[in-house]
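# Descriptive structure summary
Each chain is listed here by its residues.
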Amino acid sequence: MTVQTAPSPNIYQRVDSAAAEVGLIVMGALHPGRANAKQLDSGTLILLGAGPTFWPVLKSAPEWQGPDPVDRWSYRVVNQIAQDLGGQAYFPFGGPPYVPFIDWALKSGRTFSSPVGALVHDTVGMMISYRGALHFDQEFEIPGAHNSSPCVTCDAPCAQTCPVGALNTHSFYDVEACHGHLNTEQGQTCMTGGCLARLACPLSPGAGRDPEQSAHHMRSFHPS
């Protein structure tokens, strides 16, 4: 009698499962050679980002008690997944030189440039937080990408929400105006809950972002 076994899940499915266990989600995948991606010219690349359960997982990790908890945690966790599955880990921090994450994100077919210049993702909107990427030498099956920006049919509330117009369709991002606003009493709404323009994206609720997480990132971006 022949015993039939279920086929082993491919690497993409294993990455997806391993990421979910630590509060991460797959935010895109591509074949760098076919996509003409920067730095890599073959194999398969999978982009990982913070998911809805990321924040409580991070706060229970040992890195939470020290400096730069988000990056140190990401470095440990993504490297562990890479080691377990036979891939090479890359990170959007630690430079210069920096890895071309923006190029990879745009060429994944799931991330696009918004009307205000910031990136927008098909499921988490403008609340994007890439934590790492995994590159595998072999080329294997990955889900098809959307390749159509959600901004095409959107009224662009992201361009109309910032109280001081720091995110706009003309200069895209006025950094000085943004920091100046965050120093005011009115700017504390952004400091404690996250950038109003990014939150205005209709897809941003898909990130399941905890306001405490947004406040942590805002303090890193604009230290008092």
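This section reports on the structure supplied with the text. (Residues numbered from 1 in each chain as written. Predicted model: local features only at pLDDT ≥ 70, side-chain atom pairs only at ≥ 80, totals over all residues. Heavy atoms only, no water.)

With that settled, consider helix H9 (residues 211-221). Residues spaced three or four apart along an α-helix point in a common direction, a consequence of the helix completing one turn every 3.6 residues. Along H9, the positions that sit buried rather than exposed are Gln213, Ser214, Ala215, His216 and Met218. Tucked into the core, H9 has its buried residues touching strand E2 (44-50), helix H3 (54-59), helix H4 (69-85), helix H6 (175-182) and helix H7 (188-193). Measuring from the side-chain oxygen of the N-cap residue of H9 to the backbone nitrogen of Glu212 gives 2.8 Å; that N-cap residue is Asp210. (Buried < 20%, exposed > 50% of the residue type's maximum accessible area, 1.4 Å probe, protein only. Helix = DSSP H or I, 4+ residues; strand = E, 2+ residues; numbered from the N terminus. Contact = heavy atoms within 4.5 Å. Polar contact = N/O pair within 3.5 Å; in protein donor to acceptor, adjacent residues only side chain to side chain.)

A few words now on the pattern of salt bridges. One pass over the structure, following the stated rule, counts six salt bridges. One salt bridge in this structure joins Arg76 and Glu63, with 2.4 Å as the shortest N-O distance. Remark: Glu63 occurs in the loop between H3 and H4 and Arg76 occurs in helix H4; sequence separation between them is 13 residues. Overall, Glu63 belongs to the buried group, its relative accessible area being 7%. (Salt bridge = Lys/Arg side-chain N within 4 Å of Asp/Glu carboxyl O.)

A word on the pairing of E2. In the case of a regular strand, side chains alternate between the two sheet surfaces. E2 sits mainly inside the fold: seven of its seven residues count as buried. One ladder, built from six bridges, connects E2 with strand E6 (residues 130-136); its direction is antiparallel. Bridging from a neighbouring strand, Leu47 pairs with Ala133 of E6. (Pairing = 2+ DSSP bridges.)

By the element assignment, His181 lies in helix H6. Ignoring sequence-local partners within four residues, the contact set of His181 consists of Pro163, Val164, Gln186, Gly187 and Cys190.

This part is about the sheet that holds strand E1 (residues 24-30). Strand order in the open sheet formed by four strands is E1-E2-E6-E3, with antiparallel pairing between adjacent strands. Only two strands of the sheet have a single neighbouring strand rather than two, namely E1 and strand E3 (88-90). Put simply, the sheet's adjacent strands are angled 25 degrees from each other on average, direction ignored. Direction of pairing for E3 relative to E6: antiparallel, over a ladder of three bridges. Its bridge partner being in E6, Ala89 is matched across the sheet by Leu134. Contacts between helix H1 (residues 11-21) and the sheet are confined to E1, E2 and E6, with E1 contributing the most and set at about 155 degrees to the helix. Contacts between H4 and the sheet are confined to E1, E2, E3 and E6, with E6 contributing the most and set at about 20 degrees to the helix. (Axes fitted to C-alpha atoms, helices over the stretch in contact; angles between N-to-C directions.)

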